[in-house]
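Observations on the three-dimensional arrangement
One-letter residues, chain by chain:
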Amino acid sequence: MCWDHARYVKNTSRPYDEMAREMARKKAIGIETVIVYMAEVINLDVYCKAAAENGIAVQAWITPKIWISNPVTRFLPEAKWLEMEKRHGIRLSSPCPNHPHNRQSMIANTMKLAEEYAGRVEAIHLDAIRTENALLTRDFPCECEACRALRKRFLGYEILSEDDLKNPGIIYKELDLKNSSISEIVQAVKAIADKNNLRLTMAGRANYLNQPDIEKAPVWGLGPAVMEGQDWVKWSDNGWVDEIYTMNYHTDKTLFTRVLNEHIRLLRGSGAGFYSGIGVESSMGKNQPEQVAEYIQKVKALGLNGCVFFNKTDVFEPEYEAVIKASRE
Ligand SMILES: [Zn+2]
């Protein structure tokens, strides 16, 4: 499998030929499923047709950032945005999952997608189904109207102080509210998928809880998933997702193996099917073809279902095509 932004299409008014050509290339090296990014696909009807004619299955890849109409993004006073920028070199303002409008819109838009494309896509794929990076939300909790109202109920006031951010009871409640809000979306999407005979798959953060992390730019942390409202182990245990593709894009072989083994341990005996992500090129860097070959062999040797490639350029260079093809023989 591979994630696909379909960025290779140049003739955007008539994308079929380029899409079909790329599908044929992918099929020839043994890719069976493409997970297409709904924000960039240009024309999903044409994409599905090109895939079907080449015997490739399609999953529709959505994220809260692209799948909420008129999103309520998280709110901070300007002084806190500036502080975040100073400390981390970035300001991120994704939709706040605690805001009911965002949940309702994400669910409604997914229902439309499922009803229109069931049969042409085989699955809904949830990516970045979480709050912003733990690193940024830990020090700068959202102050939108919904978050303030929740705090008013549970704490008696709306804005957290520096001391509050160190109080275990408050930290627990903040995480619990986030996890509940995002779990609500996941469960609703799962019900929509079931109703339309689709599977629900997801991209899981590489750092579930206590795994090695990279906090430097441009990664800003690989989780921990549980601090971002994305408890994918719990979701798997509860049957809320059908398959989990972990984003193990490490370029350091020792880290890749360590994280892979941890994911296997976490999901052993759990409900969801597990496929390991492998980074060809991501924000974590590029893995050379021989390294990708080694990673695929590890995944095979461990008896996993398969792997999912992430490649930000979408088109595999010939050296990578050769490696993927060889692994299928
Ligand atoms: Zn909020």
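Refer to the preceding data block for the structure.
Only a predicted model underlies this, so the values are computations on that prediction, with no experimental measurement involved. (Residues numbered from 1 in each chain as written. Predicted model: local features only at pLDDT ≥ 70, side-chain atom pairs only at ≥ 80, totals over all residues.)

**Details of the packing of helix 10 (residues 253-267) against helix 11 (residues 289-301)**
Contact pair helix 10 / helix 11: the axes reach a minimum separation of 11 Å and the direction vectors enclose 20 degrees. In this view, helix 10 runs roughly parallel relative to helix 11, as classed from their interaxial angle. Crossing of helix 10 against helix 11: the hand is right-handed. In contact with K253, F256, T257 and L260 of helix 10, helix 11 contributes Q291, E294, Y295 and K298. Its residues placed into classes, the contact of helix 10 with helix 11 shows three nonpolar, two polar and three charged. (Axes fitted to C-alpha atoms, helices over the stretch in contact; angles between N-to-C directions. Helix = DSSP H or I, 4+ residues; strand = E, 2+ residues; numbered from the N terminus. Parallel < 35°, antiparallel > 145°, perpendicular 65-115°, else oblique. Left-handed = near helix turned anticlockwise from the far one by under 90°. Contact = placed C-beta atoms within 7 Å. Nonpolar A, V, L, I, M, F, W, Y, C, P; charged D, E, K, R; others polar.)

**Focus on the nonpolar core**
Ranked by internal contacts, the top residues of the largest apolar core, which has 80 residues, are V36, Y47, I124 and V186. The element that contributes the greatest number of residues to this core is helix 8 (residues 168-195), accounting for six residues. What V186 contacts, discounting residues up to four positions off in sequence, is L126, I129, W235, W240 and V241. (Core = buried A, V, L, I, M, F, W, Y, C linked by C-beta atoms within 7 Å. Buried ≥ 20, exposed ≤ 12 C-beta atoms within 10 Å, placed from the backbone.)

**Let's talk about the pairing of strand 9 (residues 307-311)**
Among the five residues that make up strand 9, five are buried, leaving the element largely enclosed by the rest of the structure. Residues C307, F309 and N311 point to one face of strand 9 and V308 and F310 to the other, with burial holding for every one of them. In this structure, strand 7 (residues 273-282) lies alongside strand 9, joined through five bridges in parallel fashion. Within strand 9, the residue paired with G277 across the bridge is V308. (Pairing = 2+ DSSP bridges.)

**Let's talk about unusual backbone geometry**
With an omega dihedral of 0 degrees, the bond running from A217 to P218 counts as a cis peptide bond. With omega at -5 degrees, the peptide bond leading from G223 into P224 counts as cis. In this structure, P224 sits in the loop between strand 5 (199-204) and helix 9 (232-237). Positive phi, normally seen in glycine, also occurs at I42, with a value near 75 degrees. Note that I42 resides in the loop between strand 2 (33-37) and helix 2 (44-53). Its identity as a non-glycine residue notwithstanding, D314 has a phi of 70 degrees, on the positive side. In this structure, D314 sits in the loop between strand 9 and helix 12 (318-327).

**Quick notes on the packing of helix 5 (residues 100-117) against helix 8**
Axis separation between helix 5 and helix 8 bottoms out at 10 Å; the angle between their running directions is 15 degrees. As far as their axial angle goes, helix 8 and helix 5 are roughly parallel. Where helix 5 crosses over helix 8, the handedness of that crossing is right-handed. For the pair formed by helix 5 and helix 8, the contact residues are R103, M106, I107, T110, M111 and A114 on the first element and S181, E184, I185, A188, V189, I192 and A193 on the second.

**Here we look at helix 7 (residues 145-154)**
Residues A146, C147 and R151 constitute the buried set of helix 7. Seen along its axis, helix 7 keeps its buried residues to an arc of 135 degrees; they face one direction. Opposite the packed face of helix 7, turned more than 90 degrees from it, sit the exposed residues A149, K152 and R153. Looking at the buried residues of helix 7, the elements they touch are helix 5. (Arc of directions from axis to C-beta.)

**A look at the pairing of strand 3 (residues 57-62)**
In terms of burial, strand 3 is a largely internal element, five of the six residues being buried. Sheet analysis places strand 2 next to strand 3, joined by five bridges and oriented parallel. When the bridges of strand 3 are listed, T33 appears paired with A57. Since strand 2 and strand 3 lie parallel, the crossover through helix 2 that links them has a hand, and here it is right-handed. By the bridge criterion, four bridges tie strand 3 to strand 4 (residues 123-126) in an arrangement that is parallel. Following the sheet pairing, Q59 is matched in strand 4 by A123. (Right-handed = clockwise from strand over helix to strand, strands pointing away.)

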